[in-house]
Amino acid sequence: MSSLPKPPGPAPRSTTSSDTNSRNITSQQMDAEVGSVVRSGNCSGCGMCAILDSGLTMQITGDGYSRPTRTASGKRDADALDRFRNACPGKRVAAQRPDGSTWHPTMGPVTGIWAAWAKDPEVRRLGSSGGALTALSEWLVASGSSTRVVAAGAEPANPRRTVSVTIMSRDEALRSAGSRYAPVSVAANPAAIDPNSSVVGKPCEISALRALAEARGEEPPLLLSFYCAGTPRQSATTQLLESLGVDPALPLRDLWYRGRGWPGRFTAVREDGTSVSSPYADSWGEHLGPTIQWRCKLCPDGVGESADISAADLWKTDEGGSPVFAEGEGVSALIARTRRGWEAVENAIAAGVLIVRPIDIADLAAVQPTHRKRRETLLGRLAGTMLTGSRVPRFSGFRLARLGLAHPLALVRTARGTFARARAARSRS
Ligand SMILES: Cc1cc2nc3c(=O)[nH]c(=O)nc-3n(C[C@H](O)[C@H](O)[C@H](O)COP(=O)(O)OP(=O)(O)OC[C@H]3O[C@@H](n4cnc5c(N)ncnc54)[C@H](O)[C@@H]3O)c2cc1C
Ligand code: SF4
């Protein structure tokens, strides 16, 4: 585990008469709340707070992650602070128990589960695993079920960077296919709170959007997520490119992290058409994965429990149960968490957009050892962090105590290890 980061909070600024809105939530009050989450290392970079306060902008800060930064006085509703306290995943995350779902202790609520891939071979090829989320995104817009889908993609002028995008056509869906292992703040996109949208985002972005909709008494957009091991630093992409001999000053035509195969290769295409690439096991395992931010190591919900639909790699595994990253035709697991998500998947199947076969949630748990183990030992990690005097977010409904106490040795080992590493990191800083 890497160090406990101490990123800067929003920069202090002087008071002006425009600092207060009509109901007196000041930018200073907002900065105090948001800054305390950022300084504690509990900010996930989801971007939801930038919806609540128009003066906050998500920017890559010195530590390489996306963080809220004050760039203007901005406007806030009277209940912005309450909403922030309820919906910020650096403060709290509450697990949902949708009507009609069964509950798996490490994989979350299940209303339906399938092995799935896009029927369109191009979508399947471009997708991270089976292209199921891209196929759903394209179909949601084409069928008129959603006005748009908010997701993530390469920044056109600088594909080293990842930005939030809006999908309204097949071309836009194809351009945003594939996982991007870099900071991006999908929940900062204003279209992500429109109930006529659908949103594809990381679990923290999705839990923030669901909690915010609940706090506003509104129907959330259709929420799609995926299994997520965490967000790497932006500089990890730069260093990976350097290790492949790419001049940092040269512009790139394209950059993708995986897909175009399963799992596919990290690939950068220079303006002259030449390209470099690295296998998934190296790019994720050696360069990107080791730099994930602290909040992701404390995440109770790497499996997208708050979504209506969550996707994962349905990896093949070796005899020891570890995923095998041999190239092949991609297969996603799709989990409908809610009745609404189940209907969307069934309609997409009926429309011929997805090819599916039934699986059991135990089949998915068996090929996702990282998420299984992380949930089982999270109580120890939280305890070890708190023992150093650091704050952790409040997580409810995940039954972490029951899971942790069922694995007492691993619990104690993890708590000790986390405490030692966090203390060592503090003494270095
Ligand atoms: C940061 C990160 C960590 C991941 N960790 C795991 C893991 O631990 N286990 C696992 O099984 N799979 C992981 N994945 C992969 C993800 O679960 C697969 O994308 C999933 O199988 C869906 O595949 P698909 O082919 O259906 O998706 P696709 O059809 O390829 O669609 C992917 C969708 O995700 C969106 N997206 C891509 N990157 C981001 C991002 N950084 N933030 C928000 N939205 C994004 C795209 O816009 C697109 O809509 C991770 C992906 C990311 C981005
Ligand atoms: S976790 Fe999300 S809502 Fe909370 S401070 Fe960070 S960016 Fe803002």
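Details of the structure are given in the entry above.
Note that residues are indexed from 1 along each chain, following the sequence as it is written. Starting at A for chains and at 1 for ligands, labels are handed out in the order in which the entities are written. In keeping with the predicted nature of the model, local features appear solely for residues at pLDDT of at least 70, side-chain atom pairs appear and are counted solely at 80 or more, and the whole-chain, interface and lining totals rest on all residues. To obtain the side-chain values, all non-hydrogen atoms of the structure were used and water was disregarded.

So, about the overall build of the protein chain. Within the protein chain, the regular secondary structure consists of 15 helices and 19 strands. For the radius of gyration, the atoms used are the C-alpha atoms, and the globule rule reads 2.2 Å times the number of residues raised to 0.38. Computed over its C-alpha atoms, the radius of gyration of the protein chain comes to 21 Å, within 12% of the 22 Å expected for a compact globule of 429 residues. Buried positions account for 57% of the 429 residues belonging to the protein chain. Between two residues, a contact is recorded if the distance between any of their heavy atoms is within 4.5 Å. Contacts spanning at least 24 positions in sequence make up 70% of the contacts within the protein chain whose residues lie at least 6 apart. The method behind every accessible area is Shrake-Rupley, applied with a 1.4 Å probe, and residues are considered shielded solely by the protein chains displayed. On the protein chain, roughly 17,600 Å² of surface is accessible, and the fraction owed to carbon and sulfur atoms is 51%. Charged side chains in the protein chain number 53 positive and 40 negative. The centres of these two groups are separated by 7 Å. The way it works is that DSSP assigns letters per residue, a run of H or I at least four long becomes a helix, a run of E at least two long becomes a strand, and they are numbered from the N terminus. Burial here depends on accessible area, computed with a 1.4 Å probe over protein chains only, as a share of the maximum for the residue type. Under 20% is buried, over 50% is exposed, and the range in between is partly exposed. Residues scored as charged are limited to Lys and Arg (positive) and Asp and Glu (negative), so that His and the chain ends carry no count. For this purpose, a charge sits on NZ of Lys, CZ of Arg, CG of Asp or CD of Glu.

Attention now moves to the pairing of strand 2 (residues 66-70). Within strand 2, five of the five residues are buried, which leaves the element mostly enclosed by the surrounding structure. Side chains of strand 2 alternate between two faces, with Ser-66, Pro-68 and Arg-70 and Arg-67 and Thr-69 buried alike. Note: two strands are recorded as paired if DSSP finds a minimum of 2 bridges between them. In this structure, the hairpin formed by strand 1 (residues 56-60) and strand 2 is closed by a connection of five residues, where Gly-64 is found at a positive phi of approximately 95°.

Attention now goes to the packing of aromatic side chains. Put simply, two rings from Phe, Tyr or Trp (the six-membered ring, in Trp's case) pair if the centres are within 6.5 Å, and we call them stacked under 30 degrees between planes, edge-to-face over 60, tilted for the rest. One pass over the full model with this rule turns up six aromatic pairs. Where Tyr-181 meets Tyr-257, the ring centres are 6.1 Å apart and the plane angle is 90°; that geometry is what we call edge-to-face. With Tyr-181 in the loop between helix 6 (170-175) and strand 9 (197-200) and Tyr-257 in the loop between strand 11 (252-256) and strand 12 (265-270), this residue pair connects regions lying 76 residues apart in the sequence. Note on Trp-262 and Trp-315: the rings are 5.6 Å apart at their centroids and 5° apart in plane angle, and the pair reads as stacked. With Trp-262 in the loop between strand 11 and strand 12 and Trp-315 in the loop between strand 14 (309-313) and strand 15 (316-317), this residue pair connects regions lying 53 residues apart in the sequence. Summarising the burial analysis for this pair, Trp-262 and Trp-315 share the class buried. An aromatic cluster is defined as three or more aromatic residues linked by ring pairs; in this entry it consists of Tyr-181, Tyr-257, Trp-262, Phe-266, Tyr-280, Trp-284 and Trp-315. Note on geometry: a ring has a charge over it if NZ (lysine) or CZ (arginine) is within 6 Å of the ring centre and within 35 degrees of the ring normal. Sitting above the plane of the Tyr-280 ring, Arg-258 keeps its charged end 5.1 Å from the centroid. Cation over ring: Arg-399 sits above Trp-103, and NZ or CZ is 4.4 Å from the ring centre.

Attention now goes to the site of ligand 2. A single heavy atom is enough: if one lies within 4 Å of a molecule or strand, its residue is considered near that molecule or strand. As a structural note, the neighbourhood of ligand 2 is formed by 13 residues, with Cys-43, Cys-46, Gly-47, Cys-49 and Cys-88 the closest of them. Residues are grouped as follows: nonpolar covers Ala, Val, Leu, Ile, Met, Phe, Trp, Tyr, Cys and Pro; charged covers Asp, Glu, Lys and Arg; every other residue, Gly included, is treated as polar. Taken together, the residues of the shell around ligand 2 break down into nine nonpolar, four polar and no charged.

Here the amide bond leading from Trp-262 into Pro-263 is cis, since omega sits at 0°, within 30 degrees of zero. Following the sequence through the fold, Pro-263 ends up in the loop between strand 11 and strand 12. For Arg-260, which is not glycine, the phi torsion reads 55° and is therefore positive. Mapped onto the elements, Arg-260 comes out in the loop between strand 11 and strand 12. Phi at Arg-399 takes a positive value of approximately 55°, unusual for a residue other than glycine.

This part is about the site of ligand 1. Around ligand 1 sit 34 residues in total, of which Ser-128, Ser-129, Gly-131, Thr-134 and Ala-152 are the nearest. A 3.5 Å cut-off defines polar contacts: any pair of N or O atoms within that distance qualifies, except that in protein one atom must be a possible hydrogen donor and the other a possible acceptor, and neighbouring residues in sequence count only when both atoms are side-chain atoms. Thr-134 is positioned with one of its side-chain polar atoms (N or O) 2.5 Å from an oxygen atom of ligand 1. Here Gln-368 contributes a side-chain N or O atom positioned 2.8 Å from an oxygen atom of ligand 1. Notes on ligand 1: free accessible area 910 Å², of which the protein chains cover 97%.

Further remarks concern helix 1 (residues 27-39). Here a helix's expected span is defined as the number of its residues, less one, multiplied by 1.5 Å. Between its first and last C-alpha atoms helix 1 spans 17 Å; for 13 residues at 1.5 Å apiece the expected length is 18 Å, and the two agree. Every buried residue of helix 1 is listed here: Ser-27, Met-30, Asp-31, Glu-33, Val-34, Gly-35, Ser-36, Val-37 and Val-38. Residues of helix 1 that are buried make contact with helix 2 (48-52), strand 1, strand 2 and helix 3 (80-87).

Another point: the sheet that holds strand 8 (residues 158-167). Pairing in this open sheet of eight strands is mixed, and the strands run 8-7-9-10-14-17-6-18 from one edge to the other. Edge positions in the sheet fall to strand 8 and strand 18 (354-358), since each has one partner strand and no second. Between one strand and the next, the sheet's axes are offset by a mean angle of 25°, whatever the strand orientation. One ladder, built from five bridges, connects strand 14 with strand 17 (residues 332-336); its direction is antiparallel. Looking at strand 17, one finds that Ile-309 is bridged to Ala-336. Helix-sheet contacts for helix 5 (residues 132-142) involve strand 6 (112-118), strand 7 (148-155), strand 8, strand 9, strand 10 (222-226), strand 14, strand 17 and strand 18, and the interaxial angle to strand 10 is about 165°. Running at roughly 155° to strand 10, helix 7 (residues 203-216) makes contact with strand 9 and strand 10 of the sheet. Every axis corresponds to a line fitted to the C-alpha atoms, with the helix fit spanning only the stretch in contact, and the corresponding angles, defined between N-to-C directions, vary from 0 to 180 degrees.

Moving on to the packing of helix 1 against helix 3. Where helix 1 contacts helix 3, the two axes come as close as 10 Å, and the packing angle between them is 10°. In terms of orientation, helix 1 lies roughly parallel with respect to helix 3. Counted together, Gln-29, Met-30, Glu-33, Val-34 and Val-37 of helix 1 and Ala-80, Leu-81, Phe-84 and Arg-85 of helix 3 form the full contact between these two elements. Tallied by class, the residues present in the contact of helix 1 with helix 3 amount to six nonpolar, one polar and two charged. Roughly parallel covers angles under 35 degrees, roughly antiparallel covers those over 145, roughly perpendicular covers 65 to 115, and oblique covers all other angles.

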